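Commentary on secondary and tertiary structure
Chain by chain, the residues:
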Amino acid sequence: MTSARPSVPATDRPLTLRRDGFGPAPDLAAVRAQEGLIQVPTPFGPPAWLLTRHADVRRMLGDAESFANGWTPADLGGATRDPRQLTGDRSGNLLALDPPDHTRLRRMLTPEFTVRRMRRLEPRIVEIVDQHLDALERHGPPTDLVAHYALPIPSLVVCELLGVPPADQEDFQARTGRQLDVSLPDDERAALAADSLAYMQDLVARARRDPGEDMLGMLIRDHDEDLTNAELVGIANLLLVAGHETTSNMLGLGTLALLRHPDQLALVRDEPDAVPGAVEELLRWLSVVNSGSPRLATRDVEFDGTVIRRGDLVSFNLPAANRDPALTDDPDRLDVTRKAGTHVGFGHGIHHCLGAPLARMEMRVAFPALLRRFPDLRLACADDEVPFAVHKAIYGLEALPVAW
């Protein structure tokens, strides 16, 4: 069985973004295996300590008191620009907040992301998936599964969740994908961020005037006096970006992984009881989110004999943590029947992905539906010609040419 190959050398990218096909680059595995910690460059100026072991990453993410997420570049003494911000300021962006602001906002949003609420969305998700399968069948092979299946399905689901009009969705997809391309010049990404901010402000203004049955409408009706427009903009932006790119990249990468493991593809296609476990294994094995924003140590803490000092930045790599031999046996092997420990594909602690139940449901519907509709699904290009999206902050495929 062949392994995936990135389209550009891993050394062209920061260590925390380096990949080797589906997994972390070998140099990240080497860092994980050595004693102590290393420091890596950051766009903020000061370097960051890098955590790669599963236990270390979970410990750090689970300790919000010792490792702050809501710091600003001013806390580092000199930095003036904050590359973490996709658009606007940090208002409403749960990933850049600490308690009590984080607690307040998350408490408002959590009811919309319970498993019970997600089950209410399942019929609509099934409908969206079936519509795209019908379109694929009408189009006929060959086709790009990323553009015509993996990308639009999560985007439509999240856009419906937030009340984004269908006419706006195509532009949103294109803009979001380019915003997350870290190879673009800073001025181009800044212009895209400004366009996104303007769109989100208009979306919130429309929801203020006429609250619908979507999430923004619910937040406005139930918490109108407790939420500023800036917070609603931040919430909308975060959910659109996070809920769109992550799941779409999982669907693209996951399909390629299953095509390269036909015995496991057959289980996902033919055994409904195997699907939930398969989704968890794909989340662990693929880890499309390389990292989150660095944390700032609020006190001296020791890891593996290395003392992280108060005021130091701490980064982490989720693919390396999820492939840690301490987490599960033979971690580099994909095994959809695996009963592994708790992966960190959705993070951990107070910043554990709020939309995890939604993402899991979309994958549990979309993977088997695709494989059942097209039981002879196969690559429509050479195995080593599949283009990996190595320059994007959220890892995935540029395209997945398939036939059946």
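Throughout, residues of each chain are indexed from 1 in the direction in which the sequence is written. Reporting of local features is limited, given that this is a predicted model, to residues whose pLDDT is at least 70; pairs of side-chain atoms are given and counted only at 80 or more, and all residues count toward the totals for whole chains, interfaces and linings. To get the side-chain values, take all heavy atoms of the structure and skip hydrogens and water.

The name that an unreviewed UniProt entry assigns to the chain is Cytochrome P450, with the source organism given as Pseudonocardia halophobica.

Below, the discussion takes up the overall build of the chain. Along the backbone of the chain there are 14 helices and 12 strands. Here the radius of gyration uses the C-alpha set of atoms, whereas the globule reference equals 2.2 Å times the residue count to the power 0.38. Relative to the 2.2 N^0.38 estimate, which gives 22 Å for 404 residues, the radius of gyration of the chain is 21 Å and therefore close to what a compact globule would have. Its C-alpha atoms give the chain principal-axis dimensions of about 55 × 55 × 40 Å. Contact between two residues is taken to exist if any of their heavy atoms lie within 4.5 Å; hydrogens are not considered. Sequence separation of 24 or more characterises 70% of the internal contacts of the chain that already satisfy a separation of 6 or more. To be clear on the numbers: accessible area is Shrake-Rupley with a 1.4 Å probe, and residue cover counts the displayed protein chains and nothing else. Here the chain has roughly 17,200 Å² of accessible surface; of this, 51% comes from carbon and sulfur atoms. Secondary structure elements follow DSSP: runs of H or I no shorter than four residues count as helices, runs of E no shorter than two count as strands, and numbering proceeds from the N terminus.

Turning to the packing of aromatic side chains, a few remarks are in order. Working definition: a ring pair exists when centres of Phe, Tyr or Trp rings (six-membered ring for Trp) sit within 6.5 Å. Plane angles under 30 degrees give stacked, over 60 give edge-to-face, the rest tilted. Scanning all chains against the criterion turns up 6 aromatic pairs. Ring centres 4.3 Å apart and planes at 35° place the aromatic pair Phe374 and Trp404 in the tilted group. One end of the pair, Phe374, is in the loop between helix H14 (356-373) and strand S11 (378-379); the other, Trp404, is in the segment after strand S12 (401-403), and 30 residues separate them in sequence. Throughout this description, buried means an accessible area under 20% of the type-specific maximum (1.4 Å probe, protein chains only), exposed means over 50%, and partly exposed covers the range between. Given the relative accessible area of 3%, Phe374 is considered buried. When the ring of Phe388 is compared with that of Tyr395, the centres are 5.9 Å apart and the planes differ by 25°; the resulting orientation is stacked.

The next subject is the sheet that holds S11. Between any two strands, pairing holds if DSSP finds at least two bridges. Sheet architecture is open: 3 strands sit in the order S6-S12-S11, paired in antiparallel fashion. In this open sheet, the two strands that pair with only one neighbour each are strand S6 (143-144) and S11. Here S11 runs beside S12; their pairing, made up of 2 bridges, is antiparallel. The partner of Leu379 across the bridge, within S12, is Val402.

Read across the open sheet, the 5 strands follow the order S3-S4-S10-S7-S5; overall the sheet is mixed. Looking at the sheet topology across the chains shown, the edges are occupied by strand S3 (38-40) and strand S5 (67-68). One ladder, built from 2 bridges, connects strand S7 (residues 295-297) with strand S10 (residues 313-316); its direction is antiparallel. When the sheet's bridge partners are listed, Arg295 is paired in S10 with Val314. Here an axis means a line fitted to C-alpha atoms, over the contact stretch when the element is a helix, while the angle between two N-to-C directions is reported on a 0 to 180 degree scale. The strands touched by helix H2 (residues 54-61) are strand S4 (48-51), S5, S7 and S10; relative to S10, the strand with the most contacts, the crossing angle is about 130°.

What follows deals with the state of the cysteines. Disulfide assignment relies on a single distance test, namely cysteine sulfur atoms paired within 2.5 Å. Applying the stated criterion to the full structure yields 0 disulfides. As a non-bridged cysteine, Cys159 has Cys353 as the owner of its nearest cysteine sulfur, 16 Å distant. For Cys159, a relative accessible area of 0% puts it in the buried group. For Cys353, a relative accessible area of 31% gives the class partly exposed.

This part takes up the pairing of S10. One face of the sheet, then the other: side chains in a regular strand alternate in exactly this way. Because side chains alternate across S10, one face comprises the buried residues Leu313 and Ser315, and the other comprises Val314 and Phe316, equally buried. Relative to S10, S4 is paired through 4 bridges, and the arrangement is parallel. Across the sheet, residue Trp49 finds its bridge partner in S10, namely Val314.

It is at 11 Å that the axes of helix H10 (residues 229-259) and helix H12 (residues 275-286) come closest, and there the two elements cross at 100°. If you check the angle between H10 and H12, you find them roughly perpendicular. From H10, Met250, Leu253, Gly254, Ala257 and Leu258 reach across to H12, where they touch Leu282, Leu283, Trp285 and Leu286. Any residue outside Ala, Val, Leu, Ile, Met, Phe, Trp, Tyr, Cys, Pro, Asp, Glu, Lys and Arg is labelled polar, Gly included; the first ten of those are nonpolar and the last four are charged. A breakdown of the residues in the contact of H10 with H12 according to their chemical character gives 8 nonpolar, 1 polar and no charged. Roughly parallel covers angles under 35 degrees, roughly antiparallel covers those over 145, roughly perpendicular covers 65 to 115, and oblique covers all other angles.

With that out of the way, let us pick up the environment of Thr306. Residue position: Thr306 is located in strand S9 (residues 306-308). With a relative accessible area of 14%, Thr306 lands in the buried category. With 112 residues separating them along the chain, Thr306 and Ala194 place their C-alpha atoms 41 Å apart. Excluding anything up to four places from it in sequence, Thr306 contacts Gly36, Leu37, Trp49 and Val301.

Further remarks concern the side chain of His244. Inspection of the secondary structure assignment puts His244 in helix H10. Setting aside residues up to four positions removed in sequence, His244 forms contacts with Leu151, Pro154, Ser155, Val158, Phe172, Gln173, Thr176 and Leu239.

Criterion for a salt bridge: a side-chain nitrogen of Lys or Arg within 4 Å of a carboxyl oxygen of Asp or Glu. Considering all chains together, one arrives at 21 salt bridges under this definition. Between Arg260 and Asp383 there is a salt bridge; the shortest N-O distance is 2.8 Å. Residue Arg260 is located in the loop between H10 and helix H11 (262-270), and its partner Asp383 is located in the loop between S11 and S12; the two are separated by 123 residues in the primary sequence. Residues joined by salt bridges that share partners form a network here, namely Arg53, Asp56 and Asp304.

With an omega of 10°, the peptide bond between Pro99 and Pro100 qualifies as cis. Inspection of the secondary structure puts Pro100 in the loop between S5 and helix H3 (101-109). With an omega of -5°, the peptide bond running from Pro141 to Pro142 counts as cis. Examined against the element boundaries, Pro142 turns out to sit in the loop between helix H4 (115-139) and S6. If you check the backbone angles, Ser287 has positive phi at about 45° while not being a glycine. Structurally, Ser287 can be placed in the loop between H12 and S7. Of the residues examined, Ser287 reaches a relative accessible area of 3% and is grouped as buried.

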